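# Secondary and tertiary structure notes
These are the residues of each chain, in order.
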Amino acid sequence: GDSVTQMEGPVTLSEEAFLTINCTYTATGYPSLFWYVQYPGEGLQLLLKATKADDKGSNKGFEATYRKETTSFHLEKGSVQVSDSAVYFCALSSTGGGNKLTFGTGTQLKVEL
Amino acid sequence: EAQVTQNPRYLITVTGKKLTVTCSQNMNHEYMSWYRQDPGLGLRQIYYSMNVEVTDKGDVPEGYKVSRKEKRNFPLILESPSPNQTSLYFCASSNGQFFSSYNEQFFGPGTRLTVL
């Protein structure tokens, strides 16, 4: 079945540091890939998405590129801020799988001054 | 404002006492779903509904029931809650492009349930 593996946290960075959160997936067909963010005490918000190979999703300075050859969708940001502290979830939606999302376990990011 | 609402946001109950968590969306979405979030496990789908009167099991349906009598509402029912159902629950909705792999889901704020 479908699965998503993402790096374990927590990840602690200083403000303005470079961020990478690794995500790899296993799926049949051609899934769409997503990053969701969960701020403390809140629900999940879609951060960015990519629906086909080599697509780059971007939002709020975050980027991720859909790499079919390595089945990866790593999240990056060039300069993190304290306000980026949250839990980040990688997820996929399979072709023909309707609307079901398969999530990774989440990576907690803490950014310090 | 387009949104998914859940009630209650926090609930502490005792083993065996039936409870219902409500979910409502105002976006006219066909698809609705319930997830539970547990540390180290991410989010796992409990039940989903593709439209009114159409529901099906997700990955972890044991101990839960749902109903979809109206398009906007999708309540989650725990007939006899047990401590292993202590979790953070999220409702989500999206439109009904069932043959497309891109279906952005909108999530509610979550319900934190504790079963003693």
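Higher on the page you've got the structure.
Below you will find a few notes about this structure.

Cut-offs and rules
- Residues numbered from 1 in each chain as written.
- Chains lettered and ligands numbered in written order.
- Predicted model: local features only at pLDDT ≥ 70, side-chain atom pairs only at ≥ 80, totals over all residues.
- Heavy atoms only, no water.
- Buried < 20%, exposed > 50% of the residue type's maximum accessible area, 1.4 Å probe, protein only.
- Helix = DSSP H or I, 4+ residues; strand = E, 2+ residues; numbered from the N terminus.
- Pairing = 2+ DSSP bridges.
- Contact = heavy atoms within 4.5 Å.
- Buried area = accessible area lost by both parts, 1.4 Å probe.
- Salt bridge = Lys/Arg side-chain N within 4 Å of Asp/Glu carboxyl O.
- Polar contact = N/O pair within 3.5 Å; in protein donor to acceptor, adjacent residues only side chain to side chain.
- Patch = residues over 30% accessible without salt bridge, like charges linked within 9 Å, V, L, I, M, F, W, Y side chains within 5 Å.
- Areas by Shrake-Rupley, 256 points an atom, 1.4 Å probe, with all protein chains shown as cover.
- Axes fitted to C-alpha atoms, helices over the stretch in contact; angles between N-to-C directions.

All names here are of chain A. Burial within strand β10 (residues 86-93) is extensive, with 7 of its 8 residues counted as buried. Examined bridge by bridge, strand β5 (residues 32-38) and β10 share 7 bridges and lie antiparallel to one another. Bridging across to β10, Tyr 36 finds its partner in Phe 89.

This part covers the interface of chain A and chain B. At the junction of the two partners, chain A supplies 25 residues and chain B supplies 25 residues. For the pair chain A and chain B, the two sides together bury roughly 1800 Å², of which 53% comes from carbon and sulfur. Looking only at chain A, the three residues that lose the most surface to chain B are Leu 44, Asn 99 and Lys 100 of chain A, adding up to 31% of its buried area. The interface formed by chain A and chain B holds 0 salt bridges in total. Counting every contact that joins chain A to chain B gives 4 residue pairs in polar contact (both at pLDDT 80 or more). Counting only elements with at least two residues in the side of chain A that touches chain B, the list comes to β5, β6 (44-50) and β10 of chain A.

All names here are of chain B. On the surface, a nonpolar cluster with roughly 320 Å² of combined accessible area is contributed by Ile 12, Val 14 and Leu 116. Counting through the fold element by element, Val 14 comes out in the loop between β2 (10-13) and β3 (19-25). You can call Val 14 partly exposed: its relative accessible area is 46%.

So, on to the sheet that holds strand β9 (residues 75-77) of chain A. Strand pairing in a sheet relies on backbone hydrogen bonds. The paired strands run either parallel or antiparallel. All names here are of chain A. The strand order across the open sheet formed by 4 strands is β3-β9-β8-β7, and the pairing between neighbours is antiparallel. The open sheet has two edge strands with one neighbour each: β3 (19-21) and β7 (56-59). Along the sheet, successive strands turn relative to each other by an average axial angle of 15°, direction set aside. Bridge analysis of strand β8 (residues 62-65) against β9 gives 3 bridges, and the strand direction is antiparallel. Within the sheet, the bridge partner assigned to Phe 62 lies in β9 and is Lys 77.

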